[in-house]
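A structural walkthrough
Next come the chains, spelled out residue by residue.
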Amino acid sequence: LRGAVGTAHAKTILLGEHAVVYGRPAIAFPVASLTLEARAESIGSGLALHTPFHAGAITAEDDAAATREEHIAAVAVRRTLERIGRPLDGVGVSVTGLIPAARGLGSSAAVASAIAVAVAGLHGIALTPADRFEIVQSVERVAHGTPSGLDAYATTAAGPIWFEQGRARTLAVAESPALLVADTGVLGRTGVAVAEVRARHERNPHAIEAAMEGIADLVVGAREDLASAAFADLGERMNACHGVLSSIGVSSTELDALVQAARRAGALGAKLTGGGQGGCIIALAPSASELPALAAALTASGATGVWFVTDGEENA
Ligand code: PMV
C-alpha cells in the first residue's frame, strides 16, 4: 500500500444545460485535453493534501468551509475514507493538473473523482462506478447544493454521454464533432443562474416550461445529428439553443461576444456552455483542421483559454 493514482477530466455540455434541471435530457462531452491526476500515499499520521489550491493538513474546518475551491479536495478525501470504512488518518494526497474552476468545466467533480479512485486504491479497493458516483455527488452537494449528477458522470466518461433523469448512457457518434471550449475569463455563476431561472419559473411557469421544451427538442435533434454526422444541422441547433438560454437570462455580454466571434470566424454553431452568466462557450468548427484557426480568432477576441474537446487534440 505505497501509492495509488486516480485520473479524471473536464466536461462540457453540448446542449441541455438548465433544461436538465427540469427533467429534460442533456448531452455532455469529456474534454480530453483538460485532465488531472490525484496520487494518494500512506503517511505517518493525519491527513494531508497538496493541490494547486491547498497545501497542508486537512482539518474538520475544511468541511465547514467547503464551498471554497481549496476545500473541495479535502472533503473528497474525507468522504472517500468514510465511504470505504477506513480511518481518517495516515493518508496524503496530491493533485496535479488544473481544470479552471467555476467555468462550467466540472472541476469540482473531476477533483473529487480522481481523489476517490486514488484514496480507495491506496487501500486496495477498486471503487464500483456506483460508489465513485456517490462519493462525487456527496462532494458536489457540498460544492453546489443540488447537483443533477451530470458532472459526476461526465468527468469520468470515456466518450459523449446522454444524461436524463439522473442517469447517463453512452451516446453513439458517427464521427467526432470538431468542438472547442473558450473561456470568457469571467467566473460562471451556476448557482445564481439556476436560482434566477427558478424564480422566473415561479413567476411565469408557462414561458419557462416552453423554453425548456424547446431546449429538449434541440437535444433530441442533436442526438440524430451526431449519429449521422450532420454537423451543419448540429451547429444550427447550438445557435438556436444559445438564443433560448439568452431569453431565460443566463447569458452575459462576454458570452454573447465570444459566441458572435466564433460565428464570424466560421463556426457552424456556438453557444454558452454550463450554468452561464460567465464561464465558457462551446463552438463547432466545420472540421478538426479548422479548430486551430477558430481558437486563434477566439483568443484574438478576448478568450482567456481555449481547449479542444475532441480526443487526442492538444490544448490550443
Ligand atoms: O456550470 P456547470 O457545468 O456545472 O453546469 C450546470 C448545468 C445546469 O444545468 C445549469 C445545472 C445542473 O445542475 O445541471
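Residue positions are given per chain, counting from 1 as you read along its sequence in written order. In view of the model being predicted, local features appear only for residues whose pLDDT reaches at least 70, and side-chain atom pairs are presented and counted only at 80 or more, with totals across whole chains, interfaces and linings using the full set of residues.

Here we come to the nonpolar core. By size, the foremost hydrophobic cluster in this structure holds 108 residues, and its most contacted members are Val77, Ile115, Val119, Leu180, Ile281 and Ala283. We count a stretch as a helix when DSSP gives it H or I for four or more residues in a row; a strand needs E for two or more, and each element gets its number in order from the N terminus. The element contributing the most residues to this core is helix 3 (residues 107-122), with 12 residues. These domain boundaries are the output of an automatic or database domain assignment. The residue makeup of this core includes at least three contributed by each of domain 1 (3-168) and domain 2 (173-308). What makes a nonpolar core is a set of buried Ala, Val, Leu, Ile, Met, Phe, Trp, Tyr and Cys residues, with links drawn between C-beta atoms within 7 Å. Each residue is classified by how many other C-beta atoms fall within 10 Å of its C-beta atom, where C-beta atoms are placed from the backbone; a count of 20 or more means buried, 12 or fewer means exposed, and values in between mean partly exposed.

Before going further, it helps to examine the site of the ligand. Not every one of the 16 residues close to the ligand is listed here, only the nearest: Gly104, Ser148, Thr190, Gly274 and Gly275. Elements that contribute at least two residues to the shell around the ligand include exactly helix 5 (150-154) and helix 6 (190-203). Here the term charged refers only to Asp, Glu, Lys and Arg, the term nonpolar to Ala, Val, Leu, Ile, Met, Phe, Trp, Tyr, Cys and Pro, and the term polar to all other amino acids, Gly among them. A per-class count over the shell around the ligand returns six nonpolar, eight polar and two charged. Domain assignment of the residues forming the shell around the ligand places at least three in each of domain 1 (3-168) and domain 2 (173-308). Each residue receives a C-beta atom placed from its backbone. It is near a molecule or strand if this atom lies within 6 Å of it.

The subject of this paragraph is the packing of helix 2 (residues 69-84) against helix 4 (residues 129-144). Between helix 2 and helix 4, the least distance of the axes is 10 Å, while the angle of their chain directions is 140°. Viewed along their axes, helix 2 and helix 4 adopt a mutual orientation that is oblique. As helix 2 runs across helix 4, the sense of the crossing is right-handed. Residues Ile72, Val75, Ala76, Arg79, Thr80 and Arg83 of helix 2 form the contact with helix 4, whose participating residues are Asp131, Glu134, Ile135, Ser138, Val139, Val142 and Ala143. Only the contacting stretch of a helix is used when fitting its axis, a line to C-alpha atoms as for every element, and angles between N-to-C directions run 0 to 180 degrees. Angle categories are assigned with fixed cut-offs, so that under 35 degrees is roughly parallel, over 145 is roughly antiparallel, 65 to 115 is roughly perpendicular, and the rest are oblique. Here a crossing is taken to be left-handed if its near helix is turned anticlockwise relative to the far helix by less than a right angle, and right-handed if that turn runs clockwise. C-beta atoms are placed from the backbone for every residue, and two residues are taken to be in contact when these atoms lie within 7 Å.

Our focus in this paragraph is the UniProt feature "domain: GHMP kinase N-terminal" (unreviewed entry) in the chain. Taken from the UniProt record, the annotation "domain: GHMP kinase N-terminal" (unreviewed entry) applies to residues 76-157. The straight-line gap between the two end C-alpha atoms of residues 76-157 is 19 Å; of that span, 56% is helix and 7% is strand. UniProt positions are given in the numbering used here, feature names are shortened, and annotations may be inferred rather than shown by experiment.

Before going further, it helps to examine the packing of helix 2 against helix 3. Running from amino to carboxyl end, helix 2 crosses helix 3 at an angle of 40°, the nearest separation of the two axes being 9 Å. On the basis of their axis angle, the class for helix 2 and helix 3 is oblique. The way helix 2 lies across helix 3 gives a crossing that is right-handed. For the pair helix 2 and helix 3, contact is made by Ile72, Ala73, Ala76, Val77, Thr80, Leu81 and Ile84 and by Ser108, Val111, Ala112, Ile115, Ala116, Val119 and Ala120, respectively. The class makeup of the residues in the contact of helix 2 with helix 3 is 12 nonpolar, two polar and no charged.

Notably, Gln165 is not glycine yet its phi reads approximately 50°, a positive angle. For Gln165, the position within the fold is in the loop between strand 6 (161-164) and strand 7 (167-170). In this structure, Gln277 takes a positive phi of about 55° despite not being glycine. Among the secondary structure elements, Gln277 is positioned in the loop between strand 9 (269-273) and strand 10 (280-285). Exposure remark for Gln277: the 22 C-beta atoms within 10 Å place this residue in the buried category.

The UniProt feature table records "domain: GHMP kinase C-terminal" (unreviewed entry) at residues 224-302. Structurally, residues 224-302 comprises 56% helix and 14% strand, and the distance from its first C-alpha atom to its last is 33 Å.

Before going further, it helps to spend a moment on the domain arrangement of the chain. Structurally, the chain comprises domain 1 (3-168) and domain 2 (173-308). Computed over C-alpha atoms, the centres of domain 1 and domain 2 are 25 Å apart. With 27 residues of domain 1 at the contact, the number on the domain 2 side is 32 residues. Counting residues per element, the ones that place at least two in the side of domain 1 that touches domain 2 are strand 1 (3-15) and strand 2 (26-42). The element best represented in the side of domain 1 that touches domain 2 is strand 2, accounting for six residues. Residue composition of the side of domain 1 that touches domain 2, by class: 17 nonpolar, seven polar and three charged.

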